[in-house]
Amino acid sequence: MWSATILTLYPEMFPGPLGTSLSGDALSRGIWSLEARNIRDHGIGRHRAVDDTPAGGGPGMVIRADVLAHALDAGVPADDTRPRLLMSPRGRPLTQARVRQLAEGPGVVIICGRFEGVDERVIEGRGLEEVSIGDYVLSGGEIASLVTLDACVRLLSGVMGKEASGSEESFENGLLEYPHYTRPREWEGRAIPDILLSGDHAKIARWRKEQSERLTRERRPDLLP
Ligand code: SAM
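Parameters and conventions
- Residues numbered from 1 in each chain as written.
- Predicted model: local features only at pLDDT ≥ 70, side-chain atom pairs only at ≥ 80, totals over all residues.
- Heavy atoms only, no water.
- Helix = DSSP H or I, 4+ residues; strand = E, 2+ residues; numbered from the N terminus.
- Rg over C-alpha atoms; globule rule 2.2 N^0.38 Å.
- Buried < 20%, exposed > 50% of the residue type's maximum accessible area, 1.4 Å probe, protein only.
- Contact = heavy atoms within 4.5 Å.
- Lys, Arg positive; Asp, Glu negative; His and termini not counted.
- Charge placed at Lys NZ, Arg CZ, Asp CG, Glu CD.
- Near = heavy atom within 4 Å.
- Polar contact = N/O pair within 3.5 Å; in protein donor to acceptor, adjacent residues only side chain to side chain.
- Areas by Shrake-Rupley, 256 points an atom, 1.4 Å probe, with all protein chains shown as cover.
- Pairing = 2+ DSSP bridges.
- Axes fitted to C-alpha atoms, helices over the stretch in contact; angles between N-to-C directions.
- Right-handed = clockwise from strand over helix to strand, strands pointing away.
- 1 Å grid on protein atoms, 1.4 Å probe; cavity = no way out; pocket = protein on both sides within 12 Å on 5 of 7 lines; lining within 4 Å.
- Points joined across faces, edges and corners; volume = space filled by probe spheres on them.
- Nonpolar A, V, L, I, M, F, W, Y, C, P; charged D, E, K, R; others polar.
- Domains from an automatic or database assignment.
- Core = buried A, V, L, I, M, F, W, Y, C linked by side-chain atoms within 4.5 Å.

## Looking at the overall build of the protein
Secondary structure summary: the protein contains six helices and nine strands in total. Computed over the C-alpha atoms, the radius of gyration of the protein is 22 Å, more than 25% above the 17 Å expected from 2.2 N^0.38 for a compact globule of 225 residues. For the protein, the residues scored as buried account for 39% of the 225 residues in total. The contacts in the protein between residues at least 6 apart in sequence include a share of 73% that link residues at least 24 apart. For the protein, the distance from the average position of its 28 positive side-chain charges to the average position of its 33 negative side-chain charges is 3 Å.

## Brief notes about the site of the ligand
As a matter of local geometry, the ligand sits amid 19 residues, with Met-87, Gly-113, Gly-134, Tyr-136 and Leu-138 nearest to it. Contact between the ligand and Gly-140: an oxygen atom at 3.4 Å from a main-chain N or O atom of the residue. When the free accessible area of the ligand is taken as 580 Å², the share hidden by the protein chains comes to 82%. Breaking the shell around the ligand down by element, the ones donating at least two residues are strand S5 (84-93), strand S7 (129-132) and helix H5 (141-153).

## A few points about the sheet that holds S5
Ordered by their spatial adjacency, five strands build an open sheet running S2-S1-S6-S5-S7, and the pairing between neighbours is parallel. Two strands lie at the open edges of the sheet, namely strand S2 (32-38) and S7, each paired on one side alone. Mean inter-strand twist for the sheet, computed between neighbouring axes without regard to direction, equals 35°. H5 contacts strand S1 (2-8), S2, S5 and strand S6 (107-111) of the sheet and is inclined by roughly 175° relative to S1.

## Looking at the pairing of S1
Burial analysis of S1 places seven of its seven residues in the buried class, which makes it a mostly covered element. Burial along S1 is two-sided: the residues Trp-2, Ala-4, Ile-6 and Thr-8 and Ser-3, Thr-5 and Leu-7 are all buried. Two strands pair when backbone bridges link them, and S1 and S2 are joined in this way by seven bridges, in the parallel orientation. Among the inter-strand pairings, Ile-6 is bridged to a residue of S2, identified as Ala-36. On the question of chirality, the crossover connecting S1 to the parallel S2 by way of helix H1 (residues 21-28) is right-handed. Note: S1 against S6, five bridges, orientation parallel. Paired with Thr-5 across the bridge in S6 is Val-109.

## Considerations on the layout of surface pockets
Approximately 440 Å³ is the volume attributed to the largest pocket. Elements supplying a minimum of two residues to the lining of the largest pocket: S5, helix H4 (120-125), S7 and H5. By residue number, the principal contributor to the lining of the largest pocket is S5, which donates five residues. In terms of residue class, the lining of the largest pocket is built from 12 nonpolar, eight polar and five charged.

## Let's talk about the environment of Ile-143
Along the polypeptide, Ile-143 turns up in helix H5. As a C-alpha pair, Ile-143 and Ile-133 span 10 residues in sequence and 9.6 Å in three-dimensional space.

## Regarding the domain arrangement of the protein
Looking at the protein, the domain boundaries give domain 1 (2-153) and domain 2 (168-223). Between the C-alpha centres of domain 1 and domain 2 the distance comes to 37 Å.

## What about the nonpolar core?
Ranked by internal contacts, the top residues of the largest apolar core, which has 27 residues, are Trp-2, Trp-32, Leu-85, Val-108, Ile-110, Leu-149 and Leu-156. Within the residue set of this core, elements represented by two or more residues are S1, S5, helix H3 (96-104), S6 and H5. Apart from the residues lying within four places of it in its own chain, the contact partners of Ile-110 are Thr-5, Ile-6, Leu-7, Leu-85, Met-87, Ser-145, Thr-148 and Leu-149.

## Focus: helix H2 (residues 65-75)
Those residues of H2 that sit buried are Ala-65, Val-67, Leu-68, Ala-69, Ala-71, Leu-72 and Gly-75. On the buried face of H2, the contacting elements are S1, S2, strand S4 (62-63), S5, S6 and H4.

Structure follows, in structure tokens:
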């Protein structure tokens, strides 16, 4: 079973939206499992402190290396082969190719940062892979980890219906997806392109490819070779 272990200061945020729809159904069918572990259980002293002021000064607080390493070591055995991801705006941007690799593996361990982030030494010492979900700053890694999990779980075998294999979706072939239409044939004066109603599958495939290329050129030229 594909398994996810999340280290967070807010375990109550899980499974959150992943408990509904496709991912929730797959969770209850045992296609994947989710364990959210509270970093604070490994905090220091009566107040279970997990953070401290940044060395060198500056604003905010930093999650301590010793606390996070303890939480990780207690929840994830050293011989666990799952990739250990640290959600971080500084990380390598998450791509559909990386999502597919993760979905094909045994699962993931995801660490959710808070405050200014985590002590650099735990990133090095525990071989964490920093992953960003985009060029903006969230208040914590929890929503980023829900995004990462959702992208992976929908690719697991038996999660999506066979009509939606995901193979034609945006990014799968380096292009954005073509436009979709459904009934009614005409809506507010806008008609479905004739070609899609022609029944000529070769022409439809060509039209869709042209549309994909046009949209990618207009919106995401960075994706083109
Ligand atoms: N001081 C950090 C910086 O400038 O890079 C931002 C810290 S942010 C307020 C707190 C936490 O939210 C981060 O440690 C990370 O876990 C998470 N986070 C914020 N933005 C993210 C993004 N774009 N992708 C992934 N995680 C993010």
